[in-house]
Amino acid sequence: MARSSGVRGHRIGSGPAGESERGGDLVARVLVTFWCASGHSTPTRFAAEAVVPEEWECHRCGMPAGQDQENPPAATRVAPYKTHLAYVRERRSDADAEILLAQALAKLRGTAS
Ligand SMILES: [Zn+2]
């Protein structure tokens, strides 16, 4: 049995001190603030060499946000969600609905008998 293994002052992989700290944290970063149509600000950090996008998603409301506070992008992407039924109701009048319902009922009765 090897008694003293593991109590040796020999750390595997210990290079010059501080070597690993130079890579990640010292990358230059820029802070870009995006503004949505509701006036929310979304400060976002990018690496200095990264391409900063024109628009970013607002962290508060999810609407598109731009870098120009005075002129934020229009919230076109977040049109109010409509159900399928809402779309159907837009296309069809109540009279149409009555006819469709009558037809559906007739069909139901026809197949049920
Ligand atoms: Zn917002």
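Residues numbered from 1 in each chain as written. Predicted model: local features only at pLDDT ≥ 70, side-chain atom pairs only at ≥ 80, totals over all residues. Heavy atoms only, no water.

Draft legend 1. Just the pairing of strand E2 (residues 41-47), in detail. Side chains Thr 42, Thr 44 and Phe 46 project from E2 onto a buried face, and the interleaved Ser 41, Pro 43, Arg 45 and Ala 47 project onto a face without burial. Alignment of strand E1 (residues 29-36) against E2, held across seven bridges, turns out to be antiparallel. In the strand pairing of E2, Phe 34 is matched with Thr 42. Counting the residues between successive antiparallel strands, the hairpin from E1 to E2 contains four residues, one of them, Gly 39, with a positive phi of roughly 85°. (Buried < 20%, exposed > 50% of the residue type's maximum accessible area, 1.4 Å probe, protein only. Helix = DSSP H or I, 4+ residues; strand = E, 2+ residues; numbered from the N terminus. Pairing = 2+ DSSP bridges.)

Draft legend 2. Expanded view of the side chain of His 40. Assignment of secondary structure puts His 40 in the loop between E1 and E2. Apart from the residues lying within four places of it in its own chain, the contact partners of His 40 are Phe 34, Trp 35, Cys 58, Arg 60 and Cys 61. (Contact = heavy atoms within 4.5 Å.)

Draft legend 3. Representation of the coordination of the zinc ion within the structure. The coordination sphere of the zinc ion, as far as protein atoms go, consists of Cys 36 (SG), His 40 (ND1), Cys 58 (SG) and Cys 61 (SG), spread over 2.0 to 2.3 Å. For the zinc ion, the four donor atoms are set out with angles of 106 to 115° between them, so the coordination reads as tetrahedral. (Donors = N, O, S within 2.8 Å, 3.2 Å for Na, K, Ca; no water. Tetrahedral: all angles 85-135°; square planar, octahedral: opposite > 155°, others 65-115°.)

Draft legend 4. Spotlight on the environment of Ala 47. Mapping Ala 47 onto the fold places it in strand E2. Sequence separation between Ala 47 and Ala 28 is 19 residues, and the spatial gap between their C-alpha atoms is 6.1 Å. Apart from residues no more than four positions distant in its own chain, Ala 47 is found in contact with Val 27, Ala 28, Arg 29 and Val 30.

Draft legend 5. Just the sheet that holds E2, in detail. Strand order in the open sheet formed by four strands is E2-E1-E4-E3, and the pairing between neighbours is antiparallel. Both outer strands of the open sheet, E2 and strand E3 (55-57), are each paired with one neighbouring strand and no more. On average, each strand axis in the sheet is tilted by 45° relative to the strand beside it, whichever way the strands run. (Axes fitted to C-alpha atoms, helices over the stretch in contact; angles between N-to-C directions.)

Draft legend 6. Seen up close, the packing of aromatic side chains. Under the criterion given, the structure shown has three aromatic pairs. Judged by centre distance (6.1 Å) and plane angle (75°), the rings of Phe 34 and Phe 46 are edge-to-face. Of the two residues, Phe 34 sits in strand E1 while Phe 46 sits in strand E2, which places them twelve residues apart along the sequence. Per residue, the accessibility class of Phe 34 equals that of Phe 46, and both read buried. (Phe/Tyr/Trp six-rings, centres within 6.5 Å; stacked < 30°, edge-to-face > 60°.)

Draft legend 7. Molecular detail of the UniProt feature "binding site: Zn(2+)" (unreviewed entry) in the protein chain. What UniProt calls "binding site: Zn(2+)" (unreviewed entry) maps, in this numbering, to Cys 36, His 40, Cys 58 and Cys 61. Over a stretch of 26 residues, the named residues converge on one spot in the fold, their C-alpha atoms separated by at most 8.5 Å. Tracing the sequence through the fold places Cys 36 in strand E1. If we ignore the near neighbours within four places in the chain, the residues touching Cys 36 are Cys 58, Cys 61, Met 63, Pro 64, Ala 65 and Pro 72. In this structure, Cys 58 sits in the loop between E3 and strand E4 (64-66). Beyond its immediate chain neighbours, meaning those up to four positions away, Cys 58 contacts Cys 36, His 40, Thr 42, Met 63 and Ala 65. (UniProt positions renumbered as here; feature names shortened; annotations may be inferred.)

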